[in-house]
Structure formats: structure tokens, C-alpha cells
There are 2 protein chains.
Amino acid sequence: MKWLTGNLIDILSELKQAQRNTNEENQQIEQQVREIIQQVNVNGDQALRQFTENFDKVQLENFKLSKEEIEEGYRRVEPEVIRALEVAKKNILSYHQKQKQYDFMDHEKNGVFRGQRVLPLERVGVYVPGGTAAYPSSVLMNVLPAKIAGVKEVIMVTPPSKAGIPDVILAAAKIAEVDAVYQIGGAQAVAALAYGTESIPKVDKIVGPGNIFVATAKKQVFGLVGIDMIAGPSEIGILADEQANPVFVAADLLSQAEHDKLARAILVTTSHKLALEVETEVAKQLKTLPRNEIAQAAMDAFGKLIVVETQQEMFDIMNGLAPEHLEVQMEDPVSHLHKIRNAGSIFLGAYASEPVGDYLSGTNHVLPTSGTAKFYSPLGVYDFVKYSQVTYYTKEALKEVKEAITILARKEGLEAHARAIDVRFEEEEK
Amino acid sequence: MKWLTGNLIDILSELKQAQRNTNEENQQIEQQVREIIQQVNVNGDQALRQFTENFDKVQLENFKLSKEEIEEGYRRVEPEVIRALEVAKKNILSYHQKQKQYDFMDHEKNGVFRGQRVLPLERVGVYVPGGTAAYPSSVLMNVLPAKIAGVKEVIMVTPPSKAGIPDVILAAAKIAEVDAVYQIGGAQAVAALAYGTESIPKVDKIVGPGNIFVATAKKQVFGLVGIDMIAGPSEIGILADEQANPVFVAADLLSQAEHDKLARAILVTTSHKLALEVETEVAKQLKTLPRNEIAQAAMDAFGKLIVVETQQEMFDIMNGLAPEHLEVQMEDPVSHLHKIRNAGSIFLGAYASEPVGDYLSGTNHVLPTSGTAKFYSPLGVYDFVKYSQVTYYTKEALKEVKEAITILARKEGLEAHARAIDVRFEEEEK
């Protein structure tokens, strides 16, 4: 882990530099993805079959899994895993229910009313990565908010492999009540969802994490369909004071670091003693981790121990970082909540360890990364609805604002706009 | 205008084809924009000055307008225009206030609480196009929702020209209480807002319409900063029955058509008689419009008179189109509201003419185009906030879910996640 101490401005600029690197483009991949999308748009299923053979080394006649195949996968999963997924589902539902929004209508004295309707998207596609990145918890996190929003059809795509789709992914799909599962992956899956093919229905929005090809494809179809944010490497920031337990802090830093060699784990504290103890604990705990090669690489490259003078500086640094996950392992943690302006998911106190949010608290684990918590939100029910404005005017009410409308329209050089109002009063003036 | 009658499926597929064309890419512009962004990122103000000289033919020392320059522009605007903008502001504020969202906290019996905070973005950039596309109403529509959301700093960029920034734009900026105005435009303005330069501060989100260079640049910086939707050509769909007034319908269709040669104006009705009358009225009203060349071109290329058999078909077609603006000029219009699933802004009844929404009703006129109302929303207060999740657990509450968390973490191969929970109970078990 790298130590950063001293001047606040230098620390912030060093951290900003480290984050910036994640936003680089890869033109070669962009071009390749563009061609894949074009092929799927033009040739539909035929292109899908070809790409699946080339990239996934699997020949498929049908992309869609049958109910029986999903059911069989579910039955092969250990009962305690099913039970744990069911508890997770219950908590995800109870948290996300609170995000539901309702229409409003604002009636004025003159008979005018204006309002906002909240309407669900009709069809949503959820991308679920294959291989070791196939997480059943992510299936629940992506699908359940869409279900609460009222989306009629939630379809899942996931790359095929000779070993088949992992049973636990099928179990999660069943538990989340996914409406259909298709075995396609990569940029071709994103293209199929965006344009529709003979066998894959076009969706209104695509969500879910994926590798660089999936992320690039999502960015390219953005606008044609909605997409969720483009996820970067996982991040944790921990704010800790001298009373924090270094064993807990180290364990939580490592839980992020094991995700990925690019994962970022950052401690910010006023206690030099704590930072030293955490450093020792990290080294100790790392030794026995199964994924210690990944975690070690992440800690070496991106792990940071930042020691500052004041609590105010701790919060300034964290707000500048805008981490995906933020733990507050400080005395009276709730009292500090109002100082946090930028963070995806905030965990308060020694026992709100970040993995509780990954699996069980019910808050979403699909979160803004790489500093984007400054402007993006966790995945939520609001991502699966859209609003429609509603306006009603009476003739009398329109007359009251006729002059203001026509003055502005003419000032903007839009005579037909002014006349659309004028014609409604022409009879009267004759 | 083109007549479409007959089979519903054919009509829908023809309309879909017409919409699809708007989503094409232009690789040459993409490359050019990529280079502009790169230059601004690396060379800052120096690159901005160079591009401004090349594209806008203006040499600038300072990009920022002084308070006095804005004030002077404001004072040169006719008092009745100022008054109309003030009425518009009042209505925009009263409508958008209703969109404000509040935090929630959900406390459980075991001491656990989970919640969601709603926090404003800190700094937002609003792009305002130059020339004839400089609309003061759009300044209000983009800036005021950000102000209501609590954004601390709303800055405006707009292309310089030898004639200076239009007075009415400066007046709108003052009325909307924009915090700073910078004279820069095009892709270079978007790049400056996304990366920050010596004189332009980096923002969290960029909103506002622009030409193809601006739209392409916004798409390229998406992810580094937030952006609003990419706007396509303006659209209106009108649902009308036999009692609708063809003069009103024609005038409203033309108010969209005058925007742009690519604008789409579409009538859907069960009344062949009404469609004929509207066609005649459009031809008549077109003759005397100042922008009749534009409106005529739009009507010829994209104007449609669609006559169907049943009201159900009318709604099926409109929901398939998902128009930016949708008028319901039908008897008892409110009774049809529940049938509309996809539309940016809905205008009910003969006197809710679409331009009332462009200027004065207070609903937003920045709306999803090209069928994207299926998944995008009007610009609103929600576009200028982000959410943070909050989770608090006690030791006892964590113990209750310890097993479920560690089972799922280990099933996903994430041992460090499981251990982050386990370490919190190790003392106890010894």
C-alpha cells in the first residue's frame, strides 16, 4: 500500500490522477465492436450464431433456455445457497419498495392542471457475465428493481460455454422471476438487445456489468436504447479514527482488493498509529487469501493509506474521491453523515462491513465507480421508469397567457408557434 | 404530407423505419471531435482559443463575461419580453418544485437502518447554442431545474460571434440566475466543461442542446461527466377525433414543422374527413409562414396523416412512436390519459396547444426525441441530483445474517468478503 501524508492539495491531485487513467478509450476495440453491432443489426440471428461460435466456441441452434433447463439448474444448487438468496431477495425488495415514485397532478384555480406520470419501461435486458464473474447476487440486484418498477418483461442474457450456464445463475434467475434467459454474450448480445433479432426481442434499456467489449457496445448503442452506467473497477474508501479496529478495516479493504487487480482500497485517517496497524494487518490477512495474487496486486498498485491532520480533511478527500463504497468506522458514525456529499453506498459503524451491502442488506450493489458518484446514483427503481408530463388548459386560462407566449415565440423567430395560439382566438376577435 | 391508412402492422413498421434513420453515426465527425477533445484536455485554454478562432472566427482573451456585460444585455431587451420570461420562470419553478425528492430512512426493529440520501450535483454546465438556435426559453428550462435541485454553481457556455451573445440570452441567464457565462461553443466547449481548463471549471454534468459536434462530444465524454439525453429532431404526434378543430390541429403540426427540416409532425385519427381538412388547412396556413420553406420541407418529408379504424389503433400507433410531444384533441381527453404509455409531454384538449408547453405552462420543453420517450424522461430536477445509499448494522443484527452473507460470498469465490464478516466475530468464538 502506498502512504500519502502531508499537503491536502497534493493528495487530492495525486488521487485525481489515479482515477483519470480509468477513462481512457481503446479505439481498436471500439472499431471491432462497431462491426459486431453492424453485423447483428443487418444479419440478426445468423450473425449471432457466427459470433457465438467464434468467441464462445459453442454452436447453438436456440438461444433461449427452456423453463425446464432453468428449473433443473435451480434444483442442483445447495439448499443453503437458495435460502440465502431468498433472504437477500426479501431485503432487496423491502429496500427498493421505498424508492417507488408516484404520479402528481397540480390543479390550479383557473382549471389548468399540470402533472407528472411515472410509467415503467416495457422491456429490459440484463447482461450477466460468464465464467468467474457470474455472480448470482448481481442477478438479483439488476432484476428486482426492474420488477418493482413494473417492467413487464425482464430478459437476461449470459454467454454460453461448453460447461453450460452456472446452476447458481439459473437459480438466481428463477428466484428473481426473470421472464426469459438467452445464451448470448459479448458485444453481440448487447447489439441483439438494442436492435432485436428474429429470436431476441428488442429492449428499451440494457443494464448489467460486462467486460470491455460489453461496456463499449453499451456505450455505442446508448441513445438507441437506455443503458445503465459503465462500471469501472470496484472501489472502497474507509474513513476511520483512532478507535477503529484495524483488523476490521484491513479485512474490508481486502474484500474490495480481491475483486480485481485494478480495484482500489483506500484508508483515510487522522491516526498514524491506526494506519500502521492496518498495514500490518493487511499483510497478515493477505497471506491466507485464496485470491491473494489478485488482492496483492491491487493493494500494491492502488491501495492507499492516507494520513491527514483533521477530520475536515478526511471528508474533503473522500468527497473528492467520490468512492463507490464508503465506510465510516468512526465514533458516532451517524453524526458524520451530513458531511458526505459524494459516495455510492455509505456504511456506518464497525459492523456495517461493506460485504453486507454486496449480499444482504438489500441496498443495491450496482454502484457508480471511478468518481462518478459525483453525478450517478446506485441502480434503483428509478432506472426502470420514465416520466411523462401532462398539461391541460382551458380556453380562459390560455387567454390569460396568450400574450406572454406569443411575445416569446416571436422573439425567438418562431411565428408558427405564436399562430398556434392566435388561431384559437380568431373567431372571437372577428 | 404522406397519407398512411390500412394495416396497423404496416403502418407501425413504416414509422419505425423512419425513426431508425436518425440514429446513424458519422465516423468522420466522431474522429474530428475526438481530436478536439484531446487537444482541450492536453492544452487547455490555449487549445480553446485556437478552436474559437478557427470555428467562430473570434479572438478572445477572456472567455468569461463580466456581470456588467450580462446586465447591459438584459437592459437592452424589451420590457414585455422580460415580463414574459419572468412569468415563464414563475411557472417553471412551481411545476418543478413538485419534482423535489426527499431522503428516506427505514429503521428496523433490530437497530438496522437503511436509507437513501438525495444530494445535488455540485457544478453543472449548460450549453446554449448560438445563432438562430439561441432560445432564451431553453436557458430557463435547463437552468431552473438545476437551481431547484440545489446545484451550487450553474455555468453557461455559448458560442461567441462578432455580433456578440444575443441580449435576450444574457437576459435569460440573469433571470435564471446563472452563476457564470463563458463564450465558448462547439465540441471544444463540451471538452472544457468535461476536463476543466485554466479558466473553465470542470463540471459534474453537461446539459443543453447543440449541433452534431456538440452532441457527438457529449456522447464521447459521457461517463467522465454526466450528460442529458442526445436530442434528435423535434416531433409532435396529435391524436384527434372527428370533433377536433382542423385549424387548431394544422397550426400545432406546423409549429413543430417550422423548427427544422427534419422535424416530424404526425396526425393520427379515425376521421378521414378531419385528415382531409387538416391537409387543406396545413397548405393554407403554410403560405403565410415566415419559415415556410423549412416547414414545407419538413411536412413533405416527415409529415403524416394516419387514418385508422379504431381508437385502440390510434393509441397503439402513438405508443409505438413514443413522440416527444403528444396532443390529445379528443372528446373528454383526460379519460384517455391512462392509454398513453410512451410520450415526453402530453397536452390534453383543444386549448393545450403544444407551444404553451414550450414557453409558459412550466412543464419542461427539453424532452426525449426519436422514440426515446420509451425510456427517457423530460429534463427535470431528478437530473441534477444523485442518490447515496446508507446502511447501519449493529453487531447483533450482523450476527443474524452472518451465515447467509458468508455462504453467498464463498459460493461466488470471494473468500475475503466472507472473512470481512467472520473477523468481526472471531474474538467471541475464541
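Quantities reported herein were computed from a predicted structural model and do not represent experimental measurements.

Cut-offs used in this document
- Residues numbered from 1 in each chain as written.
- Chains lettered and ligands numbered in written order.
- Predicted model: local features only at pLDDT ≥ 70, side-chain atom pairs only at ≥ 80, totals over all residues.
- Heavy atoms only, no water.
- Helix = DSSP H or I, 4+ residues; strand = E, 2+ residues; numbered from the N terminus.
- Buried < 20%, exposed > 50% of the residue type's maximum accessible area, 1.4 Å probe, protein only.
- Contact = heavy atoms within 4.5 Å.
- Areas by Shrake-Rupley, 256 points an atom, 1.4 Å probe, with all protein chains shown as cover.
- Lys, Arg positive; Asp, Glu negative; His and termini not counted.
- Charge placed at Lys NZ, Arg CZ, Asp CG, Glu CD.
- Pairing = 2+ DSSP bridges.
- Buried area = accessible area lost by both parts, 1.4 Å probe.
- Salt bridge = Lys/Arg side-chain N within 4 Å of Asp/Glu carboxyl O.
- UniProt positions renumbered as here; feature names shortened; annotations may be inferred.
- Polar contact = N/O pair within 3.5 Å; in protein donor to acceptor, adjacent residues only side chain to side chain.
- Axes fitted to C-alpha atoms, helices over the stretch in contact; angles between N-to-C directions.
- Least-squares fit on C-alpha atoms with pLDDT ≥ 70 in both.
- Phe/Tyr/Trp six-rings, centres within 6.5 Å; stacked < 30°, edge-to-face > 60°.
- Domains from an automatic or database assignment.
- Nonpolar A, V, L, I, M, F, W, Y, C, P; charged D, E, K, R; others polar.
- Core = buried A, V, L, I, M, F, W, Y, C linked by side-chain atoms within 4.5 Å.
- Parallel < 35°, antiparallel > 145°, perpendicular 65-115°, else oblique.
- Left-handed = near helix turned anticlockwise from the far one by under 90°.

A few points about the overall build of chain A
Then step 1. The helix and strand inventory of chain A stands at 17 helices and 14 strands.
Then step 2. Seen through its C-alpha atoms, chain A measures out along the principal axes to roughly 90 × 60 × 45 Å.
Then step 3. Per-residue burial over chain A gives 63% buried out of 430 residues.
Then step 4. Put simply, 74% of the contacts in chain A that link residues at least 6 apart link residues at least 24 apart.
Then step 5. About 16500 Å² of surface is accessible on chain A, with carbon and sulfur atoms providing 49% of the total.
Then step 6. Here chain A carries 46 positive and 59 negative side-chain charges, and the mean point of each set is 4 Å from the other.

Some details on the pairing of strand E3 (residues 113-120) of chain B
All names here are of chain B.
Then step 1. Counted residue by residue, E3 has seven buried out of eight residues, so it is predominantly covered.
Then step 2. Where strand E2 (residues 104-107) and E3 come together, four bridges link them in antiparallel fashion. Opposite histidine 107, over in E3, you have phenylalanine 113 as the bridge partner.
Then step 3. As consecutive antiparallel partners, E2 and E3 are separated by five residues, and within that stretch glycine 111 has a phi angle of approximately 95°, a positive value.
Then step 4. When E3 meets strand E14 (residues 385-392), the two strands line up antiparallel, connected through eight bridges.

Quick notes on the interface of chain B and chain A
Then step 1. With 126 residues of chain B in contact, the opposing surface of chain A contributes 126 residues.
Then step 2. Buried surface at the junction of chain B and chain A, both sides included, amounts to about 11100 Å², of which 59% is carbon and sulfur.
Then step 3. When residues of chain B are sorted by the area they lose upon contact with chain A, B:Tyr351, B:Gln389 and B:Arg424 head the list and together hold 8% of the total.
Then step 4. The interface formed by chain B and chain A holds 10 salt bridges in total.

Quick notes on the pairing of strand E11 (residues 304-307) of chain B
Residues and elements named next belong to chain B.
Then step 1. Neither face of E11 is exposed, since Lys304 and Ile306 on one face and Leu305 and Val307 on the opposite face are all buried.
Then step 2. Across four bridges, the pairing between strand E1 (residues 2-5) and E11 is parallel. Residue pairing across strands places tryptophan 3 opposite leucine 305, the latter belonging to E11.

Looking at the UniProt feature "binding site: Zn(2+)" (unreviewed entry) in chain A
Then step 1. Under the feature "binding site: Zn(2+)" (unreviewed entry), the UniProt entry names A:Gln256, A:His259, A:Asp358 and A:His417. Sequence-wise these annotated residues cover 162 residues; spatially they are dispersed, their C-alpha atoms as much as 56.2 Å apart.
Then step 2. Examined against the element boundaries, A:His259 turns out to sit in the loop between helix H10 (246-257) and strand E10 (264-269).
Then step 3. Sequence-distant contacts of A:His259, that is, excluding residues within four places in its chain, are made with A:Tyr135, A:Ser234, A:Arg291, A:Ile294, B:Leu414 and B:His417.
Then step 4. Mapped onto the fold, A:His417 is located in helix H16 (residues 415-422).
Then step 5. Looking at A:His417, the relative accessible area reads 0%, which means it is buried.
Then step 6. Look past the residues within four positions of A:His417 in its chain and what remains in contact with it is A:Ala409, B:Ser255, B:Glu258, B:His259, B:Glu354, B:Pro355, B:Asp358 and B:Tyr359.
Then step 7. At a separation of 3.3 Å, a polar atom in the side chain of A:His417 contacts the main-chain carbonyl oxygen of B:Ser255.

A short note on the sheet that holds strand E11 (residues 304-307) of chain A
Then step 1. Pairing in this open sheet of nine strands is mixed, and the strands run E1(A)-E11(A)-E10(A)-E9(A)-E12(A)-E13(A)-E14(B)-E3(B)-E2(B) from one edge to the other. Lying at the two open borders of the sheet, with one neighbouring strand each, are strand E1 (2-5) of chain A together with E2 of chain B. Averaged over all pairs of adjacent strands, the angle between their axes in this sheet comes to 20°, without regard to strand direction.
Then step 2. Set on the sheet, helix H5 (residues 79-97) of chain A makes contact with E2, E3 and E14 of chain B; between it and E3(B) the angle comes to about 40°.

Things to note about the relation of the copies chain B and chain A
Then step 1. Superposition record for chain B on chain A: RMSD 0.0 Å, screw rotation 180°, translation along axis 0.0 Å. Between the two chains, the operation in question is that of a two-fold axis. Within chain B, the C-alpha atom positioned nearest to the axis of rotation is that of B:Lys219, 4.2 Å from it.
Then step 2. By residue overlap, the copies meet face to face through one surface: 100% of the interface positions of chain B are interface positions in chain A.

Focus on the packing of aromatic side chains
For any pair of aromatic rings, geometry is given as the distance between the ring centres together with the angle between the planes.
Then step 1. Under the counting rule described, the total for this entry stands at 15 aromatic pairs over all chains.
Then step 2. Ring geometry for A:Tyr382 versus B:Tyr387: centroids 4.4 Å apart, planes at 40°, classification tilted. Highlighted residues: A:Tyr382 in the loop between helix H14 (354-359) and strand E14 (385-392) and B:Tyr387 in strand E14, drawn from two different chains. Across the pair, B:Tyr387 and A:Tyr382 agree in class, each one buried.

Structural notes on unusual backbone geometry
All names here are of chain A.
Then step 1. Unusually for a residue other than glycine, lysine 57 sits at a positive phi of about 60°.
Then step 2. When you line up the elements, lysine 57 lands in the loop between helix H3 (45-56) and helix H4 (67-75).
Then step 3. Taking relative accessible area as the criterion, lysine 57 reaches 54% and is therefore assigned exposed.

Observations regarding the pattern of salt bridges
Then step 1. Here the structure, examined in full by the defined rule, presents 46 salt bridges over all chains.
Then step 2. Where A:Arg410 meets A:Asp422, a salt bridge forms, and the shortest distance between an N and an O atom there is 2.9 Å. Within this pair, whereas A:Arg410 is found in helix H15 (residues 395-411), its partner A:Asp422 is found in helix H16, the two being separated by 12 residues in sequence.
Then step 3. Classification of A:Asp422 as buried rests on a relative accessible area of 16%.
Then step 4. B:Glu415 is the salt-bridge partner of B:Arg410, the closest N and O atoms lying 2.9 Å from each other.
Then step 5. The exposure class assigned to B:Arg410 is partly exposed, which follows from its relative accessible area of 38%.
Then step 6. With a relative accessible area of 16%, B:Glu415 lands in the buried category.
Then step 7. Through salt bridges with shared partners, a single ionic network connects A:Lys402, A:Arg410, A:Glu415, A:Arg419 and A:Asp422.

Focus: the domain arrangement of chain A
Residues and elements named next belong to chain A.
Then step 1. Entries for chain A in the domain assignment read domain 1 (2-23 + 232-375), domain 2 (44-227) and domain 3 (393-429).
Then step 2. Summarising the inter-unit geometry, the C-alpha centres of domain 1 and domain 2 are found 30 Å apart.
Then step 3. Domain 1 puts 11 residues into the contact, and the matching count from domain 2 is 13 residues.
Then step 4. Here domain 1 and domain 2 share an interface that buries about 920 Å² over both sides, 58% of which is from carbon and sulfur atoms.
Then step 5. For the interface between domain 1 and domain 2, the tally reads zero salt bridges.
Then step 6. Counted by class, the side of domain 1 that touches domain 2 contains three nonpolar, seven polar and one charged residues.

Focus on the nonpolar core
Note on soluble globular proteins: their nonpolar side chains tend to be buried together.
Then step 1. Counting residues in each nonpolar core, the largest one holds 212 residues, and the members touching the most others are A:Leu140, A:Ile184, B:Leu140, B:Ile184 and B:Leu398.
Then step 2. Apart from residues no more than four positions distant in its own chain, B:Ile184 is found in contact with B:Leu48, B:Thr52, B:Phe63, B:Val157, B:Thr158, B:Pro159, B:Pro160, B:Ala189, B:Ala192 and B:Ile200.

As for the UniProt feature "binding site: NAD(+)" (unreviewed entry) in chain A
All names here are of chain A.
Then step 1. When the UniProt feature table is mapped onto this chain numbering, "binding site: NAD(+)" (unreviewed entry) sits at Tyr127, Gln188 and Asn211. In three dimensions, the annotated residues from a span of 85 residues occupy one location, with a maximal C-alpha spread of 12.6 Å.
Then step 2. Given a relative accessible area of 2%, glutamine 188 falls into the buried group.
Then step 3. Other than its neighbours up to four places away in sequence, glutamine 188 contacts Ile36, Val40, Leu48, Phe51, Thr52, Phe55 and Asp56.
Then step 4. A distance of 3.0 Å separates a polar side-chain atom of glutamine 188 from the backbone oxygen of glycine 185.
Then step 5. Position of asparagine 211 among the secondary structure elements: in the loop between strand E7 (205-207) and helix H9 (212-221).
Then step 6. Residue classification places asparagine 211 among the partly exposed residues on the basis of a relative accessible area of 45%.

Some points on the packing of helix H10 (residues 246-257) of chain B against helix H12 (residues 292-302) of chain B
Residue and element names in this part refer to chain B.
Then step 1. Close contact between H10 and H12 brings their axes to 8 Å; oriented N to C, the two are set at 105°. On the basis of the axis angle, H10 is roughly perpendicular to H12. On H12, the residues touching Leu253, Leu254 and Ala257 of H10 are Ile294, Ala295, Ala298 and Met299.
Then step 2. Its residues assigned to classes, the contact of H10 with H12 comprises seven nonpolar, no polar and no charged.

Details of the packing of H5(A) against helix H15 (residues 395-411) of chain B
Relative orientation and spacing of two packed helices are given, respectively, by the angle between their axes and the distance between those axes.
Then step 1. At a minimum axis separation of 9 Å, H5(A) and H15(B) run at an interaxial angle of 115°. Comparing their axes, H15(B) and H5(A) come out roughly perpendicular. H15(B) is crossed by H5(A), and the crossing has left-handed handedness. For the pair H5(A) and H15(B), contact is made by A:Glu80, A:Val81, A:Ala84, A:Leu85 and A:Ala88 and by B:Ala404, B:Ile407, B:Leu408 and B:Lys411, respectively.
Then step 2. Tallied by class, residues from the contact of H5(A) with H15(B) come to seven nonpolar, no polar and two charged.

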